[in-house]
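# Chain and residue survey
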Amino acid sequence: MSLSNLNGRVEGFVDAICGSAACQIVFPVGMGQKPVMSVANQNAWTLEAQGLTKRLGGLQLFTNIDLQVLGGEVLVVRGGNGSGKTTLLRILSGLLEPDAGTVCVRMGLEAIEPSEHASEIHYFGHNNALKASQTTRANLQFWRGYLGGEANVEQIAARMDVAHLLDLPIMALSAGQKRRVGFARLMLAHRPIWLLDEPTAALDAVSSALIETLVEEHLNNGGLAIAATHLPFLQNRARSVDMADFATGTTANQPDNGLDW
Amino acid sequence: MVGVLLKREIALAYGRGSNIALPLVFFLALVILFPFGIGPDPETLSLVGPAVLWVGPLLGTLLALEAVFQPDVEDGTLDVLLCGPVPLELVVAVKALAVWISTAIPLTIAAPVFGLMLNMDGTALSGTALSLLAGTPALAFFGTMGAAVTAPLRRAGMLLAIIIVPLMVPVLIFGVGAAAGYGDTTLPFRAPFLLLCAFSLFALIIAPLAGAAALRTLRS
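A quick note: this is a predicted structure, and the numbers were derived from the prediction, not measured. (Residues numbered from 1 in each chain as written. Chains lettered and ligands numbered in written order. Predicted model: local features only at pLDDT ≥ 70, side-chain atom pairs only at ≥ 80, totals over all residues. Heavy atoms only, no water.)

### Some details on the packing of aromatic side chains
All names here are of chain A. Under the criterion given, the structure shown has 10 aromatic pairs over all chains. Their ring planes at 25° and their centres at 5.5 Å tell us that Phe 142 and Tyr 146 sit as a pair that is stacked. Here Phe 142 pairs with Tyr 146, and both are found in helix α4 (residues 136–147), just four residues apart, close to one helical turn. Of the two residues, Phe 142 and Tyr 146, both sit in the buried class. (Phe/Tyr/Trp six-rings, centres within 6.5 Å; stacked < 30°, edge-to-face > 60°. Helix = DSSP H or I, 4+ residues; strand = E, 2+ residues; numbered from the N terminus. Buried < 20%, exposed > 50% of the residue type's maximum accessible area, 1.4 Å probe, protein only.)

### Considerations on the layout of surface pockets
Here the largest pocket is characterised by a volume of approximately 510 Å³. Surrounding the largest pocket, 24 residues form its lining, A:Ser93, A:Gly94, A:Pro114, A:Ser115 and B:Arg219 being those nearest its centre. At the level of secondary structure, the elements contributing two or more residues to the lining of the largest pocket comprise α3 (85–93) and β4 (100–107) of chain A together with α4 (77–82) of chain B. Volume-wise, the second largest pocket comes out at about 290 Å³. The wall of the second largest pocket is formed by 16 residues, among which B:Ser46, B:Pro50, B:Ala124, B:Ala179 and B:Ala180 lie closest to the centre. When residues in the lining of the second largest pocket are grouped by element, the largest group, five residues, is from helix α3 (residues 42–75) of chain B. A breakdown of the residues in the lining of the second largest pocket according to their chemical character gives 11 nonpolar, three polar and two charged. (1 Å grid on protein atoms, 1.4 Å probe; cavity = no way out; pocket = protein on both sides within 12 Å on 5 of 7 lines; lining within 4 Å. Points joined across faces, edges and corners; volume = space filled by probe spheres on them. Nonpolar A, V, L, I, M, F, W, Y, C, P; charged D, E, K, R; others polar.)

### Thoughts on the interface of chain A and chain B
It is common to give the size of an interface as the accessible area that goes away when the parts come together. Of the residues lining the interface, 26 residues belong to chain A; the matching set on chain B comes to 27 residues. For the pairing of chain A and chain B, the buried interface totals around 2,400 Å² over both sides, and the portion due to carbon and sulfur atoms is 63%. Across the contact surface, chain A and chain B share three salt bridges. Here A:Lys131 and B:Asp75 are joined by a salt bridge, their closest N and O atoms 2.9 Å apart. Summed over the shared surface of chain A and chain B, the result is six residue pairs in polar contact (both at pLDDT 80 or more). Mapped by element, the contributors of at least two residues to the side of chain A that touches chain B are α3 and α4 of chain A. (Contact = heavy atoms within 4.5 Å. Buried area = accessible area lost by both parts, 1.4 Å probe. Salt bridge = Lys/Arg side-chain N within 4 Å of Asp/Glu carboxyl O. Polar contact = N/O pair within 3.5 Å; in protein donor to acceptor, adjacent residues only side chain to side chain.)

Printed below as a string of structure tokens:
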């Protein structure tokens, strides 16, 4: 049986239970149910958020966001500038605290401690987390070592089509090349959950397609992804939510609040 | 993972210049200009020598601090460090250690050489170098703590100085005290030197905890 088939079954199964009664099973009653479900779910990652509410800079960005993304799924978060896409991703990654609500990462039915989320999540923000003065190779080797990855830097660079840039300092690269080198960090160390903020911004069509292919591979390997973007992204596969559905005031199209970093 | 971070921080410091060359040039300028201001009397110079050799590294360290967290904030590295596999306290400690190695150590090595321009003898020079070696960790660690507090602010150099300088005053007092007491029969060496070591050990523990706590408040 192929991996995507298995994922399909897992999703279907989890959907069936989670659709209505997930909370009772996971939270209050919890562990008593575990043996029954563990066979089907054992290798399925879940990222779940409940009742997320955030106010930033005097603006109510969003209220009561519930979402659940399972291994093999990608969720695309849409919305205008300033609608809170970045803030939502930062809350999911643990970089920001929500005013209310919880974020839960589960492997099968086993909840991962929030302090351990770091080893399960890749956050790919607006900025590429690259040092301009250092070479592409030095940057990639640093992240590989720091994040405890085992991938081969040359192979990953070749995959991202930046192999010819390995010995150039980042400052000599174009915006799209930097984005690709930045994305290489996600492939250097394995994390099942990818949170991508405008992953294809500044990229040409070929590079965008490459990123989409890589995300799709990640999904096929049982990973999950949430991408905030206003561009088309994995349209054949993605579910999407619109931040406007969670806005309580007229927050859409507000200017960026400057707290994006 | 920690070793990789330390190695990169030091490599970046060497690439930046503001961590090594600038504090050294600043220190040298201070030592050269001082005799012009105070007059060329050798007695006076050797009297104020240890104090000048202490103020130089102290202010020189301040120059390097703005670059500890600010670039990481701007290029997004801090986000990855904040949700990375290494505890934040350890990240702050490694950053402070890198400041000490890349900025404070070169200044400490330069101090006895520069001291020759201030008519200091061998005993005074080695006393000053010894007290700098014991006291500069406190400068680097308290400084990094201040840098963490001001991390989200742009151009935070002035605020950083205001926060850090009061913490550096006792280090300066005991540092110069220990330097003056070294090899001297009337002034104490042991007491100020041990207090200096105590300050450095205190900074070693407190600064990573406080710095990490400051970075965590960025979440709310």
